[in-house]
Amino acid sequence: MRATGWREIADVTMHRRFITIAIVLTTVLGALPVALLWFITPTEMVFTGVSPFSWDDFPAYFSAIQQAIDGRWLLFNMLTPEPHAGIFNPLWVGIGLSARLFHLEPWMAFHFARVLLTPLLLLVLWWVVRVLLPSNAHRVGWVFVVFGSGVGYLLEVIFRFVDTRSLDLWVPEAYVWMSILQSPHFVAAQLGFALTLGVWFFALHRVTERRYLFVAMSGIVATVLFSFHPFHAVSLGGIILVHSVVYAVMHKQETGRAIRFAGLWLLCAAPGFAYQAIAQLSDPVHMQRAAQLVMQMPAAGAYFYGYGAMVLLALPGVYALWRSGKRDVAAFLLTWCVVQSVAVYSPIPFSRRLTTGLFIGLGLLAAVGWVECMQLLKVNLRQAFVWSGASVLVLFATTFFSSVCVWLVMANAFRVLPTELYIPRTAVAAFEWIDEHAGTDDVVLAHGQWGVFVPVYARRVTYNAHWGETNHFPKKEAEVQLIFSSGDVQAQAVQEQIVATGADWVFVAADESIVEVPVLEHAYSQEEFDVYRVH
């Protein structure tokens, strides 16, 4: 029986106790590592709020939030000194305005947003599971989608069989659980992906009235996602368009409607993508950043075991759905997984980011495959309990073990990133001194890890800090290395290089050395940190 629309899209009450407890526990577990790391902050240190997964990316996010706190609506890349146009990013602006309202530091607002978005994502995933899967696979489907992972920790970390950096070791946007542990923009991306495709399928197959309204809703959700992650247009647009063709083939009498559905979705999804595309392609600095911010996918083999047993379980899942008469679901999920698997190898700089959402479709198919396998075991084997127990252990090792390890790595980040997770209060004091005395458009030159923290604590542009966010990073890195290796070069060369950078201030830590050439004026000193003004 088909739903009338609004009532079913809001109805997530089945197994209410299960999903309520599951969401609460998952949210608490997701928040716990950062809370623990903050709680054990040494008294002489400041907690930076970064993560062991791509820790140097976090200051870029914090900088965007800080700009919004300061009242900016158009955000700038503070990790590169070239003048460029600001871009409106509704996610970071919204988080920044909330931080300003509640007087939160950027890292606090960042993680509060991550934690607050988590229950919403989990609830949407539960609704998507209920819309797409048979009732006997609802709980399994939700658990697979949320906590599933690959076998990277088994193959690469424990057994040392391969060394190719499996996705479940370094690509948090590829998995729902890692996204929950990592960043609000990954959580928001997973949420947008699931809601866009769930409402799209719901409009085509579960609604008899107001179908076009629900198609429009799917497109609107997509345009919000594209407004801060425009590259997802490649994977989401591909899935929607290909599924429209598949839908037209399977329901020939509705070919015209399928074309209208696709056209309406594209029309509603276009504004967010169009703005970001125009804003970034019209500015040479943004274009350069996009060109060098290459996030290549690993080789196909690593990609395969990065999703572990999910890939193998998805195959019987497709078969079981097709055989049971749920051919529309089977075709939709298969289209989702196949199109996105191809999209992640598309020739765009952000191709690795296109893994976002893929694990949701794969997990849904794998859940049906798992239920089907368990039913076969019970039918064909008298020792069902023994076999089922053994299969659960194998499933845990090949599907959930990496997720447990990721959580443990997060909780023990104080051992993994001791010098990035906590920085001395004296360093923050030096940055704050720069903030008080530097001009609005001044550029700060710093070495090593200190460069990424300049935009956060000094609220100024840093000359060189991040391999992807800083334009022409290799060239600038070589220049900074020359300046801070002053014991091996002549003072004249150091002075010329400092002047050539166009920096207005130089930040120096105690374990670093720099020749105090005439162009530098010593302006600040406290314990192990010094600041020089450049004339």
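Cut-offs applied
All chains use their own residue numbering, which begins from 1 and follows the written sequence. Thresholds applied to this predicted model are a pLDDT of at least 70 for local features of residues and 80 or more for the giving and counting of side-chain atom pairs; totals over whole chains, interfaces and linings are not thresholded and use all residues. The basis for every side-chain value is the complete set of non-hydrogen atoms in the structure, without hydrogens or water. Secondary structure elements follow DSSP: runs of H or I of four or more residues count as helices, runs of E of two or more count as strands, with numbering from the N terminus. Here the globule rule reads 2.2 Å times residues to the power 0.38, and the radius of gyration is calculated from C-alpha atoms. Working rule for contacts: check all heavy atoms of both residues, and any pair within 4.5 Å makes them a contact. The method behind every accessible area is Shrake-Rupley, applied with a 1.4 Å probe, and residues are considered shielded solely by the protein chains displayed. The term salt bridge refers to a pairing of a side-chain nitrogen on Lys or Arg with a carboxyl oxygen on Asp or Glu at a separation within 4 Å. Whether a residue is buried, partly exposed or exposed follows from its accessible area with a 1.4 Å probe, protein chains only, as a fraction of its type maximum: under 20%, in between, or over 50%, in that order. A helix is expected to span 1.5 Å multiplied by its residue count minus one. Disulfide: a pair of cysteine sulfur atoms within 2.5 Å of each other. Between N-to-C directions, angles cover 0 to 180 degrees, with each direction set by a line fitted to C-alpha atoms, over the stretch in contact for helices. We call two directions roughly parallel when the angle between them is under 35 degrees, roughly antiparallel when it is over 145, roughly perpendicular when it lies between 65 and 115, and oblique otherwise. Each crossing gets its handedness from the near helix: less than a right angle anticlockwise from the far helix is left-handed, clockwise is right-handed. At least two bridges found by DSSP between two strands is the condition for calling them paired. Here a cavity is any set of points on a 1 Å grid over the protein atoms alone where a 1.4 Å probe fits but cannot get out, and a pocket is any open set with protein on both sides within 12 Å along at least 5 of 7 lines; a residue lines the site when it has an atom within 4 Å of a point. Grid points are joined across faces, edges and corners, and a volume is the space filled by probe spheres set on the points. Under the grouping applied here, Gly and all other residues not named as nonpolar or charged are polar, the nonpolar ones being Ala, Val, Leu, Ile, Met, Phe, Trp, Tyr, Cys and Pro and the charged ones Asp, Glu, Lys and Arg. To define a nonpolar core, start from buried Ala, Val, Leu, Ile, Met, Phe, Trp, Tyr and Cys residues and group those joined through side-chain atoms within 4.5 Å.

Helix and strand counts for the protein stand at 25 helices and 7 strands. A compact globule built from 535 residues should have a C-alpha radius of gyration of about 24 Å, and the protein, at 25 Å, falls within 12% of that. Its C-alpha atoms give the protein principal-axis dimensions of roughly 80 × 50 × 40 Å. Taking the contacts inside the protein whose residues are at least 6 apart along the sequence as the reference set, 73% of them involve residues at least 24 apart. For the protein, the computed accessible surface area is about 22,700 Å², with 66% contributed by carbon and sulfur atoms.

It is worth spelling out the pattern of salt bridges at this point. All chains considered together, the criterion is met by 12 salt bridges. For Glu173, the salt bridge is made with Arg352, and the minimal N-O distance between the two is 2.9 Å. Of the two residues, Glu173 is situated in the loop between helix 8 (167-170) and helix 9 (176-182) and Arg352 in the loop between helix 17 (327-343) and helix 18 (358-380); the sequence distance between them amounts to 179 residues. Residue class for Arg352 comes out buried when judged on its relative accessible area of 10%. The closest approach of N and O atoms between Glu254 and Arg257, which form a salt bridge, is 3.7 Å. The class for Glu254 is buried, based on a relative accessible area of 17%. Taking relative accessible area as the criterion, Arg257 reaches 30% and is therefore assigned partly exposed. Look at the salt bridges and you will find they share partners, linking Asp70, Asp435, Arg459 and Arg460 into a network.

Along its 22 residues, helix 10 (residues 184-205) runs 31 Å from first to last C-alpha, staying within 8% of the 32 Å computed at 1.5 Å per residue. Burial of helix 10 is extensive: 21 of the 22 residues sit out of reach of the surface.

This part is about the state of the cysteines. Per the counting criterion, the structure on display carries 0 disulfides. Note on Cys337: no disulfide assigned, nearest cysteine sulfur contributed by Cys373 at a separation of 16 Å.

Between helix 16 (residues 309-323) and helix 17, the least distance of the axes is 7 Å, while the angle of their chain directions is 150 degrees. One element, helix 16, and the other, helix 17, form an angle in the roughly antiparallel class. Once helix 16 is placed against helix 17, the crossing between them reads as left-handed. Residues Val318, Leu321 and Trp322 of helix 16 pack against Arg327, Val329, Ala330, Leu333 and Leu334 of helix 17.

As a further point, take the sheet that holds strand 3 (residues 443-445). What the 5 strands build is an open sheet, ordered 4-3-5-7-6; its pairing is mixed. Strands with a single pairing partner mark the edges of an open sheet, and in this sheet they are strand 4 (461-462) and strand 6 (520-526). The pairing of strand 3 with strand 5 (residues 505-509) spans 2 bridges and is classified as parallel. When the bridges of strand 5 are listed, Val444 appears paired with Trp505.

Our next topic: helix 22 (residues 425-437). Between its first and last C-alpha atoms helix 22 spans 18 Å; for 13 residues at 1.5 Å apiece the expected length is 18 Å, and the two agree. Within the span of helix 22, buried status applies to Thr426, Ala427, Val428, Ala430, Phe431, Trp433, Ile434 and Asp435.

Let us look at empty space enclosed by the protein. Counted according to the given criterion, the structure contains 1 cavity of 30 Å³ or more. What the largest cavity holds in volume is close to 60 Å³. Forming the boundary of the largest cavity are Ser54, Asp57, Phe58, Tyr61, Pro172, Glu173, Gln182, Ser183, His185, Phe186, Arg352 and Arg353. Among the residues making up the lining of the largest cavity, the classes are represented as 4 nonpolar, 4 polar and 4 charged.

What follows deals with the layout of surface pockets. Reported here for the largest pocket is a volume of approximately 1,300 Å³. Elements represented by at least two residues in the lining of the largest pocket include exactly helix 3 (58-69), helix 4 (90-102), helix 8, helix 12 (232-250), helix 13 (255-281) and helix 14 (284-292). Looking at the lining of the largest pocket residue by residue, the class counts come to 31 nonpolar, 12 polar and 7 charged.

On to the side chain of Glu479. Residue position: Glu479 is located in helix 24 (residues 473-483). Given a relative accessible area of 10%, Glu479 falls into the buried group. In contact with Glu479, other than residues within four places in its own chain, are Tyr463, Gln497 and Thr501.

Looking now at the nonpolar core. Where a protein is soluble and globular, its nonpolar side chains tend to be buried together. Among the nonpolar cores identified, the biggest contains 159 residues, and Leu132, Trp142, Leu333, Leu364 and Phe507 are the most heavily contacted of them. For this core, the element with the highest residue contribution is helix 5 (residues 106-132), accounting for 15 residues. Among residues more than four places away in sequence, those in contact with Trp142 are Phe18, Ile19, Ala22, Ile23, Thr26, Leu122, Leu125, Trp126, Val129 and Phe147. Of all hydrophobic cores here, the second largest spans 19 residues; its members include Val461, Val494, Val517 and Leu520.

What follows is about the packing of helix 12 against helix 17. At a closest axis distance of 9 Å, the pairing of helix 12 and helix 17 adopts a crossing angle of 145 degrees. In this structure, helix 12 crosses over helix 17, and the sense of that crossing is right-handed. Contacts from Val234, Ser235, Gly238, Ile239, Val242, His243, Val246 and Met250 in helix 12 reach Arg327, Asp328, Ala331, Phe332, Thr335, Trp336, Val339, Gln340 and Ala343 in helix 17. Its residues placed into classes, the contact of helix 12 with helix 17 shows 10 nonpolar, 5 polar and 2 charged.

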